[in-house]
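# Geometric and topological summary
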Amino acid sequence: MKKLFLSIAIIAAAAFSAKAQFSLGIKGGVNFSKINTDNVSESTTTGYQAGLFARFGSSLYLQPELYLGSSGGKFDFQTNNNTVTTEGKVKFTTLNLPLLIGKGFGGDNLNFRIMAGPVYSYVLDKNDNFSSAVNSAYTDFGDYKKSTLGFQAGAGIDVGHITADFRYEGGLTKINQNFGQRQNLWALSVGFKFF
C-alpha cells in the first residue's frame, strides 16, 4: 500500500512543472456517515472533520490532506426470534490522509474543481453502544479494524482564498470482515487558503 501511495505521488509530482502554484490552508466541515452491514438495518450519523490541506498546481493539481474526523453508524437489530428491536451505534475518531488528484476550471479568483483519490484512515478512538442482547446474538459485531483504505471523489469551488468541497467517501476495505461492514460518507467542508 505504501508503494501505491509513493507511486501516485511521484507520477503526480512529475506531471507538475517547476512553475506550479502552491497553496496551504485549513479546512473544517460536517460528515454524514453510514456503515453498510449484512442482515442489519443501518442509518446515518453526523460527524465532523478539521485539518490541513496543501495544493500543488492550478489547472491540474495534487492535494494531500491531513485531518481529524468523526464518523460511524447506527443499527437496528432484531432479537428474540425477530420479536424485539434494539438499537446500537458506533462512533470513530479517525486521522485521515487523502491524496487527491484534481482538475480546476477557472482563474485565481473563481475556480471550479473536480477531484478523486485514495484515503487512508486510522482509528484513534472508538465509542460503541450495543446492548448485551446484541453482543450475545451478534458475536464480534463491534470488532473493527484500526485502519482502512477508501476513496474520495467530489467537486469544489474556490472564491479568492475561500474554498468549499462536497465529496463522497467509500470504503475499499471492510472495517469488519465478519459482517461485511464498509463505511461510506458524504462530507461538506469549507476552508481558507493562506496563500
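This report concerns the structure included in the present document. Every value quoted in this text rests on a predicted model; they were computed, and no experiment measured them. (Residues numbered from 1 in each chain as written. Predicted model: local features only at pLDDT ≥ 70, side-chain atom pairs only at ≥ 80, totals over all residues. Heavy atoms only, no water.)

## Overview of the overall build of the protein
Helix and strand counts for the protein come out as two helices and nine strands. In the protein, the order of α-helices and β-strands from amino to carboxyl end is α-β-β-β-β-β-β-α-β-β-β. Residues counted as buried form 41% of the 195 residues belonging to the protein. Considering only contacts in the protein between residues 6 or more positions apart, those separated by 24 or more positions represent 65%. Accessible surface computed for the protein: about 10,300 Å², of which carbon and sulfur atoms make up 60%. (Helix = DSSP H or I, 4+ residues; strand = E, 2+ residues; numbered from the N terminus. Buried < 20%, exposed > 50% of the residue type's maximum accessible area, 1.4 Å probe, protein only. Contact = heavy atoms within 4.5 Å. Areas by Shrake-Rupley, 256 points an atom, 1.4 Å probe, with all protein chains shown as cover.)

## Some points on the pairing of strand S8 (residues 162–171)
Sheet analysis places strand S7 (residues 147–159) next to S8, joined by ten bridges and oriented antiparallel. Looking at S8, one finds that Val159 is bridged to Ile162. Hairpin geometry of S7 and S8 is characterised by an intervening segment of two residues between the two adjacent antiparallel strands and by a positive phi of about 65° at Gly160. Here S8 pairs with strand S9 (residues 182–193) via eight bridges, running antiparallel. Opposite Ala164, over in S9, you have Val190 as the bridge partner. (Pairing = 2+ DSSP bridges.)

## Brief notes about the pattern of salt bridges
Two side chains of opposite charge can pair, provided their charged atoms sit close to one another. As enumerated under the stated definition, the model contains seven salt bridges in all. A salt bridge links Asp158 to Arg55; its shortest N-O distance comes to 2.7 Å. Note that Asp158 is positioned in strand S7 and Arg55 in strand S3 (residues 45–57), a separation of 103 residues in sequence. Residue Asp158 shares its accessibility class with Arg55, and that shared class is buried. Asp158 is paired through a salt bridge with Arg113; the nearest N and O atoms lie 3.1 Å apart. Placement of the pair is Asp158 in strand S7 and Arg113 in strand S6 (residues 110–129), with a sequence separation of 45 residues. (Salt bridge = Lys/Arg side-chain N within 4 Å of Asp/Glu carboxyl O.)

## Details of the packing of aromatic side chains
We describe a pair of aromatic rings using the distance from one ring centre to the other and the angle between the two ring planes. Scanning all chains against the criterion turns up seven aromatic pairs. Note on Phe92 and Tyr144: the rings are 5.2 Å apart at their centroids and 90° apart in plane angle, and the pair reads as edge-to-face. Placement of the pair is Phe92 in strand S5 (residues 84–106) and Tyr144 in the loop between helix H2 (132–137) and S7, with a sequence separation of 52 residues. The burial state of Phe92 is the same as that of Tyr144; both residues are buried. Relative to Tyr168, the ring of Phe151 lies with its centre 6.0 Å away and its plane at 55°, an arrangement referred to as tilted. With Phe151 in strand S7 and Tyr168 in strand S8, the pair connects residues that are 17 residues apart, well separated along the chain. (Phe/Tyr/Trp six-rings, centres within 6.5 Å; stacked < 30°, edge-to-face > 60°.)

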